[in-house]
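These are the residues of each chain, in order.
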Amino acid sequence: MQTADRIAVEKDYSQVILLLDVLRPFLNPDQSTDAQDFWNAFVGDCRKISEKRVLAGHLNSLWGVTPIVSLRACVAADRALNVNASSVVFTTYHTASDFDFVFAEIQSRLAAERSEDVYLFRWIILIWAIANFDFFHLYNDRGIIEPAGGYGSPRFGIAVREMELYREAGKRLYTYAYGADHRTRNKTLALGKWSFCSECPEPGQYCVCDDAGGASMLGTIREYSTAVVAHGLAAKLIPGARNVPYLTVDVAKFNPRKLVGRRGGELLVGHFPNHPYFKGSRYLEKAVLELQSEGYRIELLQLSGKPNDEILAAMQTIDVLVDQLVSGSFGLTAVEAMASGCPVICYLHAGVGVANLDTCPVIYADPDTIKDVLRDLVSDRTRLSVAEAAGPIYVKRNYSIEALAGHLASLYVETADLPELEAAKMDQRAKALAL
């Protein structure tokens, strides 16, 4: 860490300690009558401030707190609508760390030096967030304060008290699906022969799993949300969700690839799973080994646990990416590949809620067909050439920052109770971006 960064973190940490000591009697609104009075007055004032900002067209939005790569592109889509958007996280993954507000250093230090104050620290951040933001975009797995869940799932779910405070403060809360935070076992198995659950090595360990508990959790979140948003398979699993393609990328950052076939007949297959069992990796490995034993020139490049820039660089070198073979929908890695002109192989459930499924250039394969599909691609690269050309166009139309901005504009106009003039401006901005 640079010296200037260390000084800034030290200063922020000192300020947090001061606030903790001063506000301790009031941070949790349920600990005393005085704390309740404090929060009632605070959220009342914040409601008035937020109303003034919205009336003036000065909209502030928060995206968090799950630190995934696409969070940055979602913020950019909001900013394209002239919304003052920021990403807020409390930890970072190895895949991405470039967010607007990262509280990981302060939280880690508190955990080491004043562990009893870690949860109270989250209440301080909630005070800051409610005062400064009007729209909250959160994933179902958790919000700002901890512990998460407890109303259907012990591990997943935005704290009910947090959602209540958003409502009392007049905030708009938009909730999104992120992998494990909505996946229940029986519903997922009912999708068909292949699914996340059909390959899960330890049911109950990774996802919500419990159908009754998951339904209770998602139902509670739906009660407090301005709108529930989902995409892909999640759109089939979450009742009442609006299907918005938020697997967003900045298409301007993707460099054109060279033509497929540059290795003189050899097919280099890329596969970049974080959880191989959920991607059907063993079926791909088996297919490649069998094809190699039959004399086909095919190689497999597997990468896991790598930063996003390394994955993007690898997409420039492979002939085709196998995203997944069992789940039934593609993820952000596939969108990034298509944006770069890298052909994608993926298993898609019939009628899965991806954008414009009829024009999607994904090459279909599942564990039963992957060997045949790869064999055909080794012999004839026509499908690869078609997918390579179609990918960037498909992503720009459906998964770009500009595309998401249009969806967000519709979401706000239809659900956020915007002033008539601001709603009209929002529509105009979205139309301008679509040109």
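As a starting point, this report considers the structure included with it. (Residues numbered from 1 in each chain as written. Predicted model: local features only at pLDDT ≥ 70, side-chain atom pairs only at ≥ 80, totals over all residues. Heavy atoms only, no water.)

**A few points about the nonpolar core**
In step 1: Counting residues in hydrophobic clusters, the biggest one holds 85 residues, and the most contacted among them are I144 and Y412.
In step 2: It is helix α5 (residues 118–132) that provides the largest number of residues to this core, a total of ten residues.
In step 3: In this view, Y412 contacts D78, L81, V83, F135, H137, Y174, D417, L418 and M426; residues no more than four positions away in its chain are not counted.
In step 4: In this structure, L233, L321, V344 and Y399 belong to the second largest nonpolar core, which totals 32 residues. (Core = buried A, V, L, I, M, F, W, Y, C linked by side-chain atoms within 4.5 Å. Buried < 20%, exposed > 50% of the residue type's maximum accessible area, 1.4 Å probe, protein only. Helix = DSSP H or I, 4+ residues; strand = E, 2+ residues; numbered from the N terminus. Contact = heavy atoms within 4.5 Å.)

**Brief notes about the side chain of T66**
In step 1: Of note, T66 is situated in the loop between β1 (60–65) and α3 (70–80).
In step 2: A distance of 2.9 Å separates a polar atom in the side chain of T66 from a polar atom in the side chain of D141.
In step 3: Other than its neighbours up to four places away in sequence, T66 contacts L71, V89, Y93, Y139, D141 and Y178. (Polar contact = N/O pair within 3.5 Å; in protein donor to acceptor, adjacent residues only side chain to side chain.)

**Some thoughts on the environment of C74**
In step 1: In this fold, C74 is placed in helix α3.
In step 2: Overall, the relative accessible area of 0% leaves C74 in the buried class.
In step 3: Put simply, C74 and Y412 are 338 residues apart on the chain and 14 Å apart in space, counted from C-alpha to C-alpha.

**Quick word on the packing of aromatic side chains**
In step 1: A full pass over the atoms with the stated rule returns 27 aromatic pairs.
In step 2: Look at F101 and W128: their rings are 4.9 Å apart centre to centre, the planes differ by 65 degrees, and that puts the pair in the edge-to-face class. Residue F101 is found in strand β3 (residues 101–102), and its partner W128 is found in helix α5; the two are separated by 27 residues along the sequence.
In step 3: Here W128 falls in the partly exposed class, since its relative accessible area comes to 24%. (Phe/Tyr/Trp six-rings, centres within 6.5 Å; stacked < 30°, edge-to-face > 60°.)

**Considerations on the sheet that holds strand β6 (residues 227–230)**
In step 1: Spatially, β3-β2-β1-β4-β5-β6-β7 is the arrangement adopted by the seven strands of the open sheet, whose pairing is parallel. Whereas interior strands pair on both sides, the edge strands pair on one side only; in this sheet they are β3 and β7 (242–243).
In step 2: In terms of strand pairing, strand β4 (residues 135–139) meets strand β5 (residues 172–176) through five bridges, oriented parallel. Paired with F135 across the bridge in β5 is R172.
In step 3: Against the sheet, α3 makes contact with β1, β2 (84–89) and β4, and its axis sits at roughly 160 degrees relative to β2, the strand it touches most. (Pairing = 2+ DSSP bridges. Axes fitted to C-alpha atoms, helices over the stretch in contact; angles between N-to-C directions.)

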